[in-house]
Every structure is written in C-alpha cells, then in structure tokens.
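The lines below spell out each chain.
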Amino acid sequence: MIDKDLLRLLGDKKKYIVYTVISMVIGLCANLGITMCICQAIRLMLEHAAPGKYVPTLLTGIAALLIRYACTRCTARLKDSIGREVKRDLRASTYNKIICLGMKSTSEMSMAGLTQVSMEGIEQLDLYFSNYIPQFFYAMLAPVILFIVTVRLDAKVAIVLLCCVPLIPVSIIAVSKWAKKIFAKYWDKYTAMGDYFLDSVQGLKELKIFKADARQHEKMNQNAEEFREITMKVLTMQLASTTIMDLVAYGGAGTGIAFAVRDLADGKITVMSAVFLMLVAVDFFLPLRAFGSAFHVAMNGVSAGKKIISLLEMEEPKWGSESVTGNEVVLDHVSFSYDGKREVLKDVNMTFSEKGMTAIVGESGCGKSTIVGLMNGNLIPQKGSVSVGNAKLGQLSRADYYSHLAVVSCNTYIFNDTVRNNFCLASPWATDEQMEAALKKVNLWKFIEENGGLDKSISEDAANISGGQKQRLALAVNLVADKDIYIFDEATSNIDIESEEIIMKNIKALSKEKNVIVISHRLENIVPADRIYYMESKEVKECGNHQSLMDAKGGYAMLYRRQKELEKGYAEVSA
Ligand SMILES: Nc1ncnc2c1ncn2[C@@H]1O[C@H](COP(=O)(O)OP(=O)(O)OP(=O)(O)O)[C@@H](O)[C@H]1O
C-alpha cells in the first residue's frame, strides 16, 4: 500500500511524516479524554451531583479540548510543510534533470508530457505524501490504541470492533487492482490529450491550409471524450469504494454498539462504560475510512509519481571536469544506435581540424544530425569515442566545452526579447558596437536600425521577422559569442538565396580562424570546404575536397551532378 520507490522521493522529509503521525495520535488521545469527560459529566448528572463536582471534569475537558485543537493545527501545519517542501524539492530535481538531459529530455518525452508531469504530476504527489502516508500509519495505530483503552471496559465489544476494522483495508485492496488500472489509463489519456492539443495548436497553420482543422477538431473532441469517460470511471470507482467503506465503518460501529447495549442490559457494564463505548465505536473505523478516501486521491499521485521517477531515472549524458585543451574534434570508430537494435552509424571515423571548414553530406537519413548529437554530447556512442583536443568528450566539463562550442541550425531558438538581450544571453559582455558589427556582417543592421535598433523586440520564436532574417540573426548572435568550434546543421535550409549566400560567406570567413563543421543538403554550399565526408547508409563512403571527390566519380559526384541538374531544371521552369 506504500510504494517504496515513491518513498525514496521524500528524502530527508520522512521525519515530518513521523511528527505528523505523533501529532495525530496525541490528538486521538485528547479526543478520548474529551469523550471520558462527557461520560463523567453524564454520570454526575445521573447522580444529581453538586455543581462544584463538575469543576475538575470541566477543567480536564477544556485542557483536552485545547490539546486537541493544538494537535489539529500542528497536524495541518506539518502536512502543509511536507507538501510544500516535497513539491519544492521535486520541482527542483525535475527541473535540474531536464537541464542535465539537455535536448534528450524533449526528444524522449513529449513537451506536453514534460509539462504535465512537472506541474500537475507534482501537485498530485503532494497529496500522496502530505495526506495519504501519514494517514496510513495513523490508521494502523488508532484502532490498536482504542482497543487498549476499551478492552478494560468491555473485552467482547473491543474485540468485535477490532475484528471488524480489517474489513476496510480488505475492501481497499479489493478495489486497488481495479483502481491501479484505471489510474494508469487516466494518466495516459490525460497526457495523450495534452500532446494532441499542443500538437494541434502548434500545427494550426498547416491544419488550416490543408483544411484538416475540422477533422483534427473531431479527433480532439474524441480525445476529450475518452478523457471524460475515464474520469467518470474514476469517479464511479471512488463512489463505489466509499460506499463499501461506509457500510463497513458504520456497520462495524453499529455491531459494536449493539453488543455494548446488550451488555448494559445484562448489567455487565456500567452506563458510563456503555456511553463511552457507543461514542468511540465509530472512531475505530474513521481513520481507516479517511485512509480509504485518501487512497483514491493517492493512486492518482502514484501514477504521476511513477512518471516523475521514470523522468528522474533517465540516463543523463555523462560529463567530467576537465577543461578543453584543443579544438580538434575526432570521431574514432564510432557506432551508434538510438534503440540498441537498429544501427544508424557504423564505424565512423572523422577528423574536424582546429581551423578550416569540414562538411558532412549524404542522402537524408544517413546519420548527419546524429553526428551533431554525438559532437554536442547529447548522444553517447555505443562503440568508439568522440574526442575534443586530447580528451574524450565524457571527460570534459560540459560548461567548459559549451563555452567553446556553437551549434547553429535552421531552428536555433530566438527568444521573445529584444535583439540586444538575445545577444546578451550568449555573450553577456557584448557591447552595442560588437552587436552592430555582427549584424552588419550578416546584412541585417539596416533592417534592425530602421525597426527600433537593438531594442527591437523579437516575438516568440521570431514570428515577427522573416525566416532568413531569423537565421541571419542567429548567426550574428553566435559570431559575437566568439566560439572555437562552430557546427552549422542545415543553417541555411528553407531561406532565400540572398540570406543563404550571406550566411555561407560568413561561414567561409569564419573557417579561417575556427573549426567550422557544416552540414548542408545543398552541395553547392560546401564546395569550398577543405574536407568533405560523404556518407551513405550509416557509413562514411568517401572523403576529400570537392575536386578530388568529383574526380573519383563516386556517390558524391553523382549526388552533386543530380542536384545541379535539378537546380538547372527548376531555374528553367521558373524563368
Ligand atoms: N530520436 C531518434 N530515435 C530513433 N531513430 C532516430 C532518431 N533520430 C534519428 N533517427 C534515425 O536515425 C537515422 C539517422 O537520422 P539523422 O537525423 O541523423 O539523419 P540525417 O542524415 O541528419 O537526415 P536528414 O538529412 O534528413 O536530416 C535515420 O534513420 C532516423 O530515422
């Protein structure tokens, strides 16, 4: 009933659970004190005692009431602390994990899934830790304490009540299997609905253009309907379970009371004992009844907790603490597979010199972007190694390596901020003059100057500038950052010829000083490269400069000629 894995997430907060249970137990004892005082008062009334005789009972009752009040406040505060601190710690650890995983986190778990797990999943776990776990221990202790107190008054009644108590956990266990399945499905449906919604909103433009929005709308409705159905199942299950627990609790208490009344009628117990037993009979069951209610809410937290654990247990790219000593990047007999079954890179050897331009080309799907993933440390090769300078990538400090590395791709993110602040994110020390010079290099300064200068605001994902301007801005930001190793992964795809030419001119100039690695579908762009690796179905097939590869008349030459013909044909059609 308590998940050990989830308990581990509590860390050093376990002590709060102990304090909470102690506070609840003291509250129960105070409650028993109040009940005893009520019984004593009834006895005094039956004996027509003088008012002065009520004073000690009244004072004891008030003291017990105050203790009870203090315990209730204390329990609430402790539960609140558990919830707050667990949430804070889990938010910090999921956030740190997402940061450590880098791009891996978003490639292995959908964005909606990540958001739901790190926001709502953690909220659900709050109830699991702050309510369910303390209630579990309290529900185990309370009937035993009550038994010890009542057994001396009427052993038969105490035994009957204690024997009926386990019926509640039995009913909880009976529905728990059903509940587990339903809650697992509930979370799956919930995240699926979130994924679908986010996907549809992100692709709304395409949906409108394809006139597929109505169909997507229907699918979204269907997802929402499935979620409604599973939610109704959850509620039905909770209602059924609560009804069963109520029957057991009040049925059990009723049976105990019936025995007490019979013993009173037979003269075996005093009126005071009978009243006391009647008043506390239901208390045998209420803690377990409350535990049963917490159980259903907790089950939701368990499903969310499992997802959080699977996120926290995802293997992180391994980094060390060494500093970068050189900028040459070497892939030595590298083989890689995403799923451990299908190899996507096989025995790849590549050298990217400290200075100069090296290109990787090949048909779509041959493994070029996978090589970028290996070079930026987000992927780890199963065989072979990636080295930078004299050190293996895994030995380097990530912060130090990233201070030497820039990766510019067609979807480099531009933040929803001013142009200046986008520069400052990468280079906090950058001056306005440096930014202006970089923007001039990429032929963007005139546009920026006419539109508010460096204070121009860029909207989310650069929606208020063109694709070519966005990519030129990304290049300018990275030029100012002044790194040593530049990877351009399809940095010029989907943009106008003018922007492409400007970017390629800058890349070539950069390669005089830096290690520049270019991946481009358009082979014309990599003609000036000092070295070209031509890949075909996961392997490096050819290597050399453009002329030597053309002379070799192999796969590269064929691909280059085919592209040239296509471009010529396209130019004729468009003319
Ligand atoms: N995250 C992933 N999980 C599983 N397989 C993947 C993943 N990413 C890529 N692949 C597979 O690995 C192979 C190499 O993909 P990669 O993206 O490296 O190729 P590429 O040469 O960059 O392709 P393109 O030129 O189209 O961008 C492909 O068969 C692809 O389906």
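Before reading further, recall that the structure is shown in the block above.
Residues numbered from 1 in each chain as written. Predicted model: local features only at pLDDT ≥ 70, side-chain atom pairs only at ≥ 80, totals over all residues. Heavy atoms only, no water.

(A) Geometry of the site of the ligand. Neighbouring residues of the ligand: Tyr338, Arg342, Val344, Ser364, Gly365, Cys366, Gly367, Lys368, Ser369, Thr370 and His521. In the model, an oxygen atom of the ligand is placed 2.6 Å from a nitrogen or oxygen of the Ser364 side chain. In this structure, Thr370 approaches the ligand through a side-chain N or O atom, which is 2.5 Å from an oxygen atom. The protein chains hide 62% of the 630 Å² of surface that the ligand would expose on its own. If you tally residues by element for the shell around the ligand, the top one is helix α12 (residues 368-375), at 3 residues. Considering only residue class, the shell around the ligand consists of 3 nonpolar, 6 polar and 2 charged. (Near = heavy atom within 4 Å. Polar contact = N/O pair within 3.5 Å; in protein donor to acceptor, adjacent residues only side chain to side chain. Areas by Shrake-Rupley, 256 points an atom, 1.4 Å probe, with all protein chains shown as cover. Helix = DSSP H or I, 4+ residues; strand = E, 2+ residues; numbered from the N terminus. Nonpolar A, V, L, I, M, F, W, Y, C, P; charged D, E, K, R; others polar.)

(B) View of the sheet that holds strand β7 (residues 485-489). What the 6 strands build is an open sheet, ordered β6-β7-β8-β3-β9-β10; its pairing is mixed. Each edge of the open sheet carries a strand with a single partner, namely β6 (405-409) and β10 (539-544). Neighbour to neighbour, the strand axes of the sheet diverge by 15° on average, direction disregarded. Where β6 lies against β7, 5 bridges are found, and the strand directions are parallel. The partner of Ser409 across the bridge, within β7, is Asp489. (Pairing = 2+ DSSP bridges. Axes fitted to C-alpha atoms, helices over the stretch in contact; angles between N-to-C directions.)

(C) Here's a closer look at the sheet that holds strand β1 (residues 329-337). Read across the sheet, 4 strands follow the order β2-β1-β4-β5 without closing on themselves; strand pairing throughout is antiparallel. Both edges of this open sheet fall to β2 (343-352) and β5 (391-392), since each of them pairs with a single strand only. Pairing of β1 with strand β4 (residues 383-388) involves 5 bridges; the strand directions are antiparallel. Within β4, the position partnered with Val330 by the bridge is Ser387. Against the sheet, α12 touches β1, β2 and β4, its axis set at about 65° to β2. (Contact = heavy atoms within 4.5 Å.)

(D) Main features of the packing of aromatic side chains. What the rule picks out here adds up to 19 aromatic pairs. Seen from their ring centres, Tyr556 and Tyr560 are 6.3 Å apart, and the 20° between their planes marks the pair as stacked. Placement of both Tyr556 and Tyr560 in helix α20 (residues 555-574) is noted, with a separation of 4 residues, approximately one turn of the helix. Take Tyr556: its relative accessible area is 0%, and that puts it in the buried class. (Phe/Tyr/Trp six-rings, centres within 6.5 Å; stacked < 30°, edge-to-face > 60°. Buried < 20%, exposed > 50% of the residue type's maximum accessible area, 1.4 Å probe, protein only.)

(E) Molecular detail of helix α11 (residues 286-312). Over its 27 residues, α11 extends 37 Å from the first C-alpha to the last, a length consistent with the 39 Å expected when each residue adds 1.5 Å. At His296, α11 shows its largest bend, some 30°. Summarising burial for α11: 19 of the 27 residues are buried, a large majority. (Expected span 1.5 Å × (residues − 1). Bend = angle between axes of the 7 residues up to and from the residue.)

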